[in-house]
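Tertiary structure, described
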Amino acid sequence: MRRSIWVWAGLFVLAVGGSAFAWFWFSGGSGEPSTELTTPTIAGQTTTTAGTTSTGAEGTTSTAAEAASAAFVIQQEQSQASFTIDEVLRGVPTTVVGTTSELAGQFVLDFEDLSQTQFSDFVVNARTFVTDSGNRDRAIRGPIILNSATDEFEFITFNVTEVVGLGGSAAVGDTFTFTLIGDLTIRDQTNEVEFAVTASLLDGSTVQGTATTDVLRSDFGIGIPNVASVADVTDEVSLQLEFVATSS
């Protein structure tokens, strides 16, 4: 996301001082996830696992890349979700970036007909975003910003409702560009957004790519504390998913 919903929040914590500072500090929690993030399922999912071999009716073998479809699961240690937001901080244009590897999701890739590819929900643990300031991170988790220190709003979810521009067949080395349309939920606000996706089939069992979109923080009810040192915070926030998904 562009220029952080978090930068001004952290500054607010520093500015208020005293008991108010303590309230913001403790209301932000520790940033530790309440539970291990698990991969969302796809209803009716039936696939051949990529990277393995299977025996055909006449005793022949084939790799998963030659099979009809395979399930690819996002690998957290190689993936991340991020936001970027711009603002003017004490008269200086500032760009703030927050990242987390707490990202989960999967898709069933149909090698012969990409238009039949299925997607699960995608989930990000909003409690675990990290910027360049611990105080800012606590403010982001607090009630004024994401309120992700509470279990109710710990997760951001994206439910895919439509796929545009994905078709044809898939071969190793191919790169695809398409759009995922769906419902993005942050806190208690849900809005339809479009992610522009670029993905490459690196081998029969690995897909690497990015998904990006711009949203308005005001659409999700995220405001800005009234702090003199922070001005001109953009309403537009850029969101990006960088992912590696594998099928074993």
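Nothing here was measured: the structure is a model prediction, and the numbers come from that model.

Describing the pairing of strand S12 (residues 175-186)
When strand S11 (residues 155-164) meets S12, the two strands line up antiparallel, connected through seven bridges. Among the inter-strand pairings, Val160 is bridged to a residue of S12, identified as Gly182. Between the end of S12 and the start of strand S13 (residues 189-203), which pair antiparallel, lie two residues, with Arg187 showing a positive phi angle near 55°.

Quick notes on the packing of aromatic side chains
Enumeration according to the criterion identifies seven aromatic pairs in this entry. When the centroid spacing of 6.2 Å and the interplanar angle of 40° are considered together, the rings of Phe119 and Phe178 count as tilted. Taken together, the residues span a long stretch of sequence, with Phe119 in strand S9 (residues 118-119) and Phe178 in strand S12 at a distance of 59 residues. The exposure class of Phe178 is buried, given its relative accessible area of 10%. Here the aromatic cluster, defined as three or more aromatic residues joined through ring pairs, consists of Phe72, Phe107, Phe111, Phe119, Phe122 and Phe178.

A word on empty space enclosed by the protein
A full pass over the atoms with the stated rule returns two cavities of 30 Å³ or more. Here the largest cavity is characterised by a volume of approximately 240 Å³. Looking at the largest cavity, it is lined by 20 residues, and the ones nearest its centre are Phe107, Phe119, Phe178, Val197 and Phe243. The element best represented in the lining of the largest cavity is S13, accounting for five residues. Among the residues forming the lining of the largest cavity, the class breakdown is 18 nonpolar, two polar and no charged.

Describing the nonpolar core
Proteins that are soluble and globular tend to have nonpolar side chains buried together. Ranked by size, the top nonpolar core spans 46 residues in total, and within it Phe72, Leu180 and Leu184 carry the most contacts. Those residues within four positions of Leu184 in sequence are excluded, and the remaining contacts are Ile156, Thr157, Phe158, Gln189, Thr190, Asn191, Val193, Val215, Phe220 and Leu239.

Notes on the pairing of strand S16 (residues 236-246)
One ladder, built from two bridges, connects strand S4 (residues 69-74) with S16; its direction is antiparallel. Pairing of Val73 across the sheet is with Thr246, part of S16. Relative to S16, strand S5 (residues 80-89) runs antiparallel, the two sharing five bridges. By the bridge assignment for S16, Phe83 is matched with Leu239.

Points about the confidence of the model for the protein
Taken over all residues, the pLDDT of the protein has a mean of 82, while the share at 70 or more is 77%. Taken together, the stretch residues 1-26 has pLDDT below 50 and engages in 91 contacts with residues farther than four places along the chain or on a different chain. Here residues 49-65 is modelled with pLDDT under 50, and outside its nearest four sequence neighbours on either side it reaches 28 contacts, counting other chains as well.

Focus: the side chain of Gln106
With respect to the element layout, Gln106 can be found in strand S8 (residues 106-110). Residue class for Gln106 comes out buried when judged on its relative accessible area of 6%. Within polar-contact distance, the side chain of Gln106 engages the backbone oxygen of Pro40 at 2.8 Å.

Topic: the environment of Ser34
If you trace the backbone, Ser34 turns up in the loop between helix H2 (18-27) and strand S2 (53-55). Remark: the alpha-carbon pair of Ser34 and Arg127, spanning 93 residues in sequence, is separated by 9.0 Å. Ser34 has contacts with Arg127, Asp151 and Glu154, leaving out every residue within four places of it along the chain. Engagement of the side chain of Ser34 in a polar contact is seen with the side chain of Glu154, the distance being 2.5 Å.

Here's the deal with the side chain of Ser79
Here Ser79 is to be found in the loop between S4 and S5. On the basis of relative accessible area, Ser79 is assigned to the buried category, the value being 5%. A distance of 3.0 Å separates a polar side-chain atom of Ser79 from the backbone nitrogen of Val244. Beyond its immediate chain neighbours, meaning those up to four positions away, Ser79 contacts Ile74, Thr100, Ser101, Leu103, Glu242, Phe243 and Val244.

Quick notes on the rules
Residues numbered from 1 in each chain as written. Predicted model: local features only at pLDDT ≥ 70, side-chain atom pairs only at ≥ 80, totals over all residues. Heavy atoms only, no water. Pairing = 2+ DSSP bridges. Helix = DSSP H or I, 4+ residues; strand = E, 2+ residues; numbered from the N terminus. Phe/Tyr/Trp six-rings, centres within 6.5 Å; stacked < 30°, edge-to-face > 60°. Buried < 20%, exposed > 50% of the residue type's maximum accessible area, 1.4 Å probe, protein only. 1 Å grid on protein atoms, 1.4 Å probe; cavity = no way out; pocket = protein on both sides within 12 Å on 5 of 7 lines; lining within 4 Å. Points joined across faces, edges and corners; volume = space filled by probe spheres on them. Nonpolar A, V, L, I, M, F, W, Y, C, P; charged D, E, K, R; others polar. Core = buried A, V, L, I, M, F, W, Y, C linked by side-chain atoms within 4.5 Å. Contact = heavy atoms within 4.5 Å. pLDDT = per-residue confidence, 0-100. Polar contact = N/O pair within 3.5 Å; in protein donor to acceptor, adjacent residues only side chain to side chain.

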